[in-house]
Amino acid sequence: MKRIIIFSIITLFFISISGIAQENVHPDATEEARAKWVTKPDGTITVRGFTFKRFHVVGDGTIIDWKTLLVWQQEPTSEKIKWQEAMDYAKNLRLAGYSNWRLPTKAEIEALLVGHLDADVGNGADKPGAWLARNGFKNIKDSWYWSSSGNDTDTSVVWGVSMFYGDVTGGNKSYGFGVALCVRYIQ
């Protein structure tokens, strides 16, 4: 109970210093709103003069991303699986006392890896898998990771990301194989 109270207080603190935190990182946010969040290469964030670590390892198999207010599974599936298997895995995942896990959207993957996508890696930034591992994620493989976002023009394709190159591309959900790293909204 004490842990929940402390967690709630910390969450409210970060929400209060950032205004409406979800608004600041929403994919459709204005450049002015995005500028309020400055993520540094060391994984810290500065918001209105306050600096703190972007990721918090909770210790129950999850990581909180304070920039997006999403809770991530700390360790992905150990095997590559097809998209429907990844969707089923997320739906059936019971972790840290929660059952509302899901695959991330394309926008959530991009927000998680901002500064470590293909163009950034090409300009010398850390590869996304290595960067996540340095920030508390475990067993991040240089593989392709599924999202829940479908392609608007081809229903057989869904978006995903390569943790090696950082490229966000489409993959065939029927015969492609990828890894599942699940997410849920912070509550």
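This one's a predicted model, so the numbers in the text were calculated from it and none came from an experiment.

(A) Quick look at the overall build of the protein. Within the protein, the secondary structure is distributed over seven helices and ten strands. Every one of the 187 residues in the protein was classed for burial, and the buried ones make up 44%. Carbon and sulfur atoms provide 57% of the accessible area of the protein, an area that totals close to 9800 Å².

(B) Representation of the side chain of Arg184 within the structure. One can find Arg184 in strand E10 (residues 183-185). The buried charged residue Arg184 lacks any salt bridge partner; its closest oppositely charged side chain belongs to Asp60, at an N-O distance of 6.5 Å. Sequence-distant contacts of Arg184, that is, excluding residues within four places in its chain, are made with Leu70, Val71, Tyr98, Asn100 and Trp101.

(C) View of the pairing of strand E3 (residues 50-53). Sheet analysis places strand E2 (residues 44-47) next to E3, joined by four bridges and oriented antiparallel. Opposite Thr44, over in E3, you have Lys53 as the bridge partner. Taken together, E2 and the strand that follows it, E3, pair antiparallel across an intervening segment of two residues, in which Arg48 is found at a positive phi of about 45°.

(D) Highlighting helix H4 (residues 83-92). Of the residues making up H4, those classed as buried are Trp83, Ala86 and Ala90. Buried residues of H4, viewed axially, fall in a sector of 55°; they line one side. Projecting away from the buried face of H4 at angles above 90 degrees are the exposed residues Lys91 and Asn92.

(E) The nonpolar core, seen in detail. Trp66, Ala86, Trp101, Leu103, Trp146 and Ile186 are the most contacted members of the largest nonpolar core, which totals 21 residues. Mapped onto this core, the elements with two or more residues apiece are E2, H4 and strand E7 (144-150). With three residues, H4 is the largest single contributor of residues to this core. Excluding its chain neighbours within four sequence positions, the residues that come into contact with Leu103 are Trp83, Ala86, Met87, Ala90, Trp146, Ser147, Ser148, Ala180 and Val183.

(F) A look at unusual backbone geometry. Non-glycine residue Leu69 carries a positive phi angle of around 60°. Take Leu69: it is sitting in the loop between strand E5 (62-65) and strand E6 (70-73). For Leu69, a relative accessible area of 4% puts it in the buried group.

(G) Summary view of the pattern of salt bridges. One pass over the full model with this rule turns up four salt bridges. One salt bridge connects Asp65 with Arg54, and the closest N-O pair in it is separated by 2.8 Å. With a gap of eleven residues between them, Asp65 in strand E5 and Arg54 in the loop between E3 and strand E4 (55-57) connect regions that are remote in the sequence. Residue classification places Asp65 among the buried positions, given a relative accessible area of 0%. In this structure, Glu108 and Arg102 form a salt bridge, with 2.8 Å as the shortest nitrogen-oxygen distance.

(H) Quick look at the packing of aromatic side chains. Overall, the coordinates contain four aromatic pairs when judged by the stated rule. Ring centres of Phe55 and Trp131 lie 5.5 Å apart, and the angle between their planes is 70°; this geometry places the pair in the edge-to-face category. One end of the pair, Phe55, is in strand E4; the other, Trp131, is in helix H7 (residues 128-134), and 76 residues separate them in sequence. Residue Trp131 is classed as buried on the basis of its relative accessible area, which comes to 1%. Summarising the aromatic geometry, the rings of Phe164 and Tyr165 are spaced 4.5 Å apart at their centres and angled 85° between planes, so their arrangement reads as edge-to-face.

Here is what the cut-offs are and how they apply
Residues numbered from 1 in each chain as written. Predicted model: local features only at pLDDT ≥ 70, side-chain atom pairs only at ≥ 80, totals over all residues. Heavy atoms only, no water. Helix = DSSP H or I, 4+ residues; strand = E, 2+ residues; numbered from the N terminus. Buried < 20%, exposed > 50% of the residue type's maximum accessible area, 1.4 Å probe, protein only. Areas by Shrake-Rupley, 256 points an atom, 1.4 Å probe, with all protein chains shown as cover. Lys, Arg positive; Asp, Glu negative; His and termini not counted. Salt bridge = Lys/Arg side-chain N within 4 Å of Asp/Glu carboxyl O. Contact = heavy atoms within 4.5 Å. Pairing = 2+ DSSP bridges. Arc of directions from axis to C-beta. Core = buried A, V, L, I, M, F, W, Y, C linked by side-chain atoms within 4.5 Å. Phe/Tyr/Trp six-rings, centres within 6.5 Å; stacked < 30°, edge-to-face > 60°.

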